[in-house]
Amino acid sequence: MDPESFLDIANQVVKLKMFPYFDVAHSLLCALSVKEDLGSGAHQFSRKHPLSTWLSTMLVVFAGGMVTNGLLGEPILAPLKDTPQVIVATLCWYIVFYTPFDIGYKFAKFLPIKIIASVMKEIYRAKKIHDGVVHAGKLYPTAYIIMITIGTLKGNGAGFTKLFERLMRGCWTPSAMEFLQPTFYTKASLVASIIFVLDKKSDLISAPHSLVYFGIVIFLVYFKLSSLLLGIHDPFVPFENLICALFFGGIWDSLSKIINHNQAKEEAKEVKKTN
Amino acid sequence: MDPESFLDIANQVVKLKMFPYFDVAHSLLCALSVKEDLGSGAHQFSRKHPLSTWLSTMLVVFAGGMVTNGLLGEPILAPLKDTPQVIVATLCWYIVFYTPFDIGYKFAKFLPIKIIASVMKEIYRAKKIHDGVVHAGKLYPTAYIIMITIGTLKGNGAGFTKLFERLMRGCWTPSAMEFLQPTFYTKASLVASIIFVLDKKSDLISAPHSLVYFGIVIFLVYFKLSSLLLGIHDPFVPFENLICALFFGGIWDSLSKIINHNQAKEEAKEVKKTN
Amino acid sequence: MDPESFLDIANQVVKLKMFPYFDVAHSLLCALSVKEDLGSGAHQFSRKHPLSTWLSTMLVVFAGGMVTNGLLGEPILAPLKDTPQVIVATLCWYIVFYTPFDIGYKFAKFLPIKIIASVMKEIYRAKKIHDGVVHAGKLYPTAYIIMITIGTLKGNGAGFTKLFERLMRGCWTPSAMEFLQPTFYTKASLVASIIFVLDKKSDLISAPHSLVYFGIVIFLVYFKLSSLLLGIHDPFVPFENLICALFFGGIWDSLSKIINHNQAKEEAKEVKKTN
């Protein structure tokens, strides 16, 4: 492929219209994740508490927008103002939870469908991260921490609202906090946010903007596919281990352990000698 | 009663001034509900933690305004800006919790007083739902979901803040989430919100606005009285059961159970035959 | 000291620049408190979850601003917009948690260092309370409750976010709610807020503003030092006991107990007589 046509594709991807197809894919996967989070009691629970499943699905679908709006002092409910989008999400919720003989659920779980929806969701995710960084950058042009935070939250909002989503279903799991064990999506959103911030606010990245954007889309899609098909769940782990060893005590802790051990040995020897 | 005088009454009800009598009734019932939620340990708890009981009573009294403000990006504390209203709520809290020999509590619990206060509270509720729908409609003229949500939350805010109100008293009950088992007040507020939205935004309801408003007041008061006096707690249950059976799996689940059962029988027969 | 030079000092204190020295002291103590809240597992936890410790430290450092912004409908993330301040807080977090051989932690725990930092933190606290009251007073000129609330929350924000800070570390302690057992800092911030409100909004306090401010600084520093050096943790307790006895049931409860006791005795006597 010659570089120009590649740039053309990148420009196309940047301008991609999200509604309604990408919203359908996103909502479908969100409803699926809610149903799967309910575990084996999902069927019974959904029959008893339709309001609760609807609300938690809506919370998952619009999580990114709601959380970032809450943190930026904008109306938390604003993401619901687009009625067609809410209707699409509601239809997806209904299809996954209440179609006769669980047809909708089985359809959404069917691997080819799931792969296509996942790829679309990742493309959507890139757009959300980008929009989040741009929006925060307009509000606080020099607050890099805020831009990165908003980008990350837009990218994986559902991860951070998981506690509240479960609370809406009467279930409270404080140890499932995203910050304790960030998932791959959070880390990827963080990296993507940092790249977008560098792209917007510094001269470090000289590539055209649409190429940076396209690169992030490919990165997200690639790792999603490798997670779905090959079972590679977190390519960041080796880097994390390295950083933890270098900066967060790893090496120094080992060093101090060795020193303590040697000291203890020497003391033991001296004790022997004096005896 | 001739129709005109009826319309006159309706117009009077629409213009009814709420402060201070309706606020007193509302605050009194809120303080009562906090004390009753504390159960048998209420007396001891209130002596040990006056700040905690005051804060949770304030949260219950101003719940609707606080929750909706929080969701609409407006100051959560704004409902407290009306100092006379806060003083009224504080007096009610003091009367219910700390009058000598529990006179205040016994007075508020006295049935005729409670009935009058409850009726006034329902009239207030109708006004709050109406104001909530109008306010949300001004902010988002086409977002019906937001209007209905805000109306419902204004109508029964205390139901949704129950978890946080209990948390303020050091008690955490995640399974008491309102969404799991919506109370009658939530459902009635929801219905009232939908009617107000239809009245404002469509031509489906041709009756004059004040009549619609008055109708909702009568509906709320009627069911409150039948709950207090006759013990009918939730007239929505039959409709819910019908809807659940039709749309949320009821019939289809039974159908699939029958089919599975028949299949199992036939298989058993075939197994017998082959044997 | 002659009164004029005293007023001069007071004026100096009012104008004191906070960044960076006071921010360093504040952040250092905040990181210390997070580490100590983790208890004996702090070392292991900090190695496993650096993101979690960083976020909870940031939440503690910027607690006052975040909570009050949240309650006043302003962006919760806004306190992070000052990048140098975030960098200072991050450095303090790193020093306390991850310096080799725990040097940073031991340094911050060293009594003279801790005393100096604590004194600086109290001066900072006075400024925060003052700014909070002034800010709320601009938004709601007649809402005294809001001014006092915001002042108190600015003064001891970390106390009120403790639950969420622990939640970020996967730990949930609903009974540690600040409202149940307000700490000395909360009470002192409350008193300081009330004095500032009286100073701004009434003519009760005729002293010049800078003297009032300086008086509160001295009050906060004095009790901090007496807590650190003499172990006097809460000088408010006697006043509280008095108020509780007078207004929150103390005396009346005893009275009703005595009456009940006497009644029971008399009834017992009568029973004896009739027998």
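Residues numbered from 1 in each chain as written. Chains lettered and ligands numbered in written order. Predicted model: local features only at pLDDT ≥ 70, side-chain atom pairs only at ≥ 80, totals over all residues.

Chemist: Which residues make up the overall build of chain A, and what are the values?
Modeler: Scanning chain A for helices and strands turns up 14 helices and zero strands. Helices and strands in chain A line up, N terminus first, as α-α-α-α-α-α-α-α-α-α-α-α-α-α. Its C-alpha atoms give chain A a radius of gyration of 23 Å, more than 25% over the compact-globule value 19 Å for 275 residues. Taken over the C-alpha atoms alone, chain A extends approximately 85 × 55 × 40 Å along its principal axes. Taking all 275 residues of chain A together, 41% fall into the buried category. For chain A, long-range pairs separated by at least 24 residues make up 73% of all intrachain contacts whose partners lie at least 6 apart in sequence. (Helix = DSSP H or I, 4+ residues; strand = E, 2+ residues; numbered from the N terminus. Rg over C-alpha atoms; globule rule 2.2 N^0.38 Å. Buried ≥ 20, exposed ≤ 12 C-beta atoms within 10 Å, placed from the backbone. Contact = placed C-beta atoms within 7 Å.)

Chemist: Requested: an account of the relation of the copies chain A and chain C, with residues and values cited.
Modeler: Of the transformation superimposing chain A on chain C, the axial component is 0.0 Å and the angular component is 120°, with the fit at an RMSD of 0.0 Å. The superposition operator between the copies reduces to a three-fold rotation axis. It is Gly 73 of chain A whose C-alpha, among those of chain A, lies nearest the rotation axis, at 3.3 Å. The residues that chain A uses at the interface reappear at the interface of chain C in only 4% of cases, marking distinct surfaces. (Least-squares fit on C-alpha atoms with pLDDT ≥ 70 in both.)

Chemist: How would you explain the environment of Phe 45 of chain B if you had to name every residue and give the values?
Modeler: Residue and element names in this part refer to chain B. As for its position among the elements, Phe 45 is in helix 3 (residues 42-48). When the 20 C-beta atoms within 10 Å are taken as the criterion, Phe 45 is described as buried. For the pair formed by Phe 45 and Ser 206, sequence separation is 161 residues and the distance between their alpha carbons is 53 Å.

Chemist: Tell me about helix 11 (residues 184-201) of chain A, and name the residues and values.
Modeler: What sets the pattern is the α-helix's 3.6 residues per turn: residues three or four places apart point alike. All names here are of chain A. Taking 1.5 Å per residue as the helical rise, helix 11 with its 18 residues ought to reach 26 Å, and the 25 Å between its terminal C-alpha atoms agrees with that figure. Buried within helix 11 we find Tyr 185, Thr 186, Lys 187, Ala 188, Ser 189, Leu 190, Val 191, Ala 192, Ser 193, Ile 195, Phe 196 and Asp 199. Packing partners of the buried residues in helix 11 comprise helix 8 (111-139), helix 9 (144-155), helix 10 (157-168) and helix 12 (209-230). (Expected span 1.5 Å × (residues − 1).)

Chemist: Report on the packing of helix 8 (residues 111-139) of chain C against helix 9 (residues 144-155) of chain C, specifying residues and quantitative values.
Modeler: Axes are the key here: two packed helices are described by the angle between their axes and the distance separating the axes. Residues and elements named next belong to chain C. At a minimum axis distance of 8 Å, the contact between helix 8 and helix 9 shows a crossing angle of 150°. Here helix 9 runs roughly antiparallel to helix 8, going by the angle between their axes. Here helix 8 and helix 9 pass one another in a crossing that is right-handed. On the side of helix 8, the interface is formed by Arg 125, Lys 128, Ile 129, Asp 131, Gly 132, Val 133, His 135, Ala 136 and Gly 137, while helix 9 contributes Ile 146, Met 147, Ile 150, Gly 151, Lys 154 and Gly 155. When grouped by side-chain class, the residues that make up the contact of helix 8 with helix 9 number six nonpolar, five polar and four charged. (Axes fitted to C-alpha atoms, helices over the stretch in contact; angles between N-to-C directions. Parallel < 35°, antiparallel > 145°, perpendicular 65-115°, else oblique. Left-handed = near helix turned anticlockwise from the far one by under 90°. Nonpolar A, V, L, I, M, F, W, Y, C, P; charged D, E, K, R; others polar.)

Chemist: Let's hear about the relation of the copies chain B and chain A: which residues, and what values?
Modeler: It takes a turn of 120° to lay chain B on chain A, together with a shift of 0.1 Å along the axis; the resulting RMSD is 0.1 Å. Taken together, the interface assignments show that only 4% of the residues at the interface of chain B recur at the interface of chain A, consistent with different surfaces on the two copies.

Chemist: Break down the interface of chain A and chain C for me, citing the residues and quoting the values.
Modeler: On the chain C side, the residues contacting the 23 residues of chain A number 23 residues. Elements with a minimum of two residues in the side of chain A that touches chain C: helix 5 (63-71), helix 9 and helix 14 (250-274) of chain A. The leading source of residues in the side of chain A that touches chain C is helix 9 of chain A, at four residues. The residue makeup of the side of chain A that touches chain C, split by class, is 15 nonpolar, seven polar and one charged.

Chemist: Could you give me a rundown of the interface of chain B and chain A, with the residues and numbers involved?
Modeler: It is common to give the size of an interface as the accessible area lost on bringing the parts into contact. Between chain B and chain A, the residue contacts involve 23 residues of the former and 23 residues of the latter. Every element with two or more residues in the side of chain B that touches chain A is listed here: helix 5 (63-71), helix 9 (144-155) and helix 14 (250-274) of chain B. Here the side of chain B that touches chain A gets four residues from one element, more than from any other, and that element is helix 9 of chain B.

Chemist: Got a sec to walk through unusual backbone geometry? Specific residues and values, please.
Modeler: All names here are of chain A. For the bond running from Phe 19 to Pro 20, omega is 0°, close enough to zero to count as cis. Even without being a glycine, Asp 102 presents a positive backbone phi close to 55°. With respect to the helices, strands and loops of the structure, Asp 102 is situated in the loop between helix 6 (83-98) and helix 7 (103-109). Assessed through the 19 C-beta atoms surrounding it within 10 Å, Asp 102 is described here as partly exposed.

Chemist: So what's going on with the confidence of the model for chain A? Which residues, and what values?
Modeler: For residues with low pLDDT, the predicted coordinates do not support detailed interpretation. Per-residue pLDDT for chain A has a mean of 89; in total, 99% of the residues score no lower than 70. Model confidence for the complex is summarised by a pTM of 0.90, with the ipTM given as 0.88. (pLDDT = per-residue confidence, 0-100.)

Chemist: Before we move on, could you go through helix 9 of chain A and cite the residues and values that matter?
Modeler: Helix length check: helix 9 of chain A, at twelve residues, gives a terminal C-alpha distance of 16 Å against a target of 16 Å (1.5 Å per residue), a fit within 8%. With eleven of its twelve residues buried, helix 9 of chain A lies for the most part within the structure. Along helix 9 of chain A, the residues that are buried comprise Tyr 144, Ile 146, Met 147, Ile 148, Thr 149, Ile 150, Gly 151, Thr 152, Leu 153, Lys 154 and Gly 155 of chain A. Residues of helix 9 of chain A that are buried in the fold lie against helix 5, helix 8, helix 10 and helix 11 of chain A together with helix 6 (83-98) of chain C.

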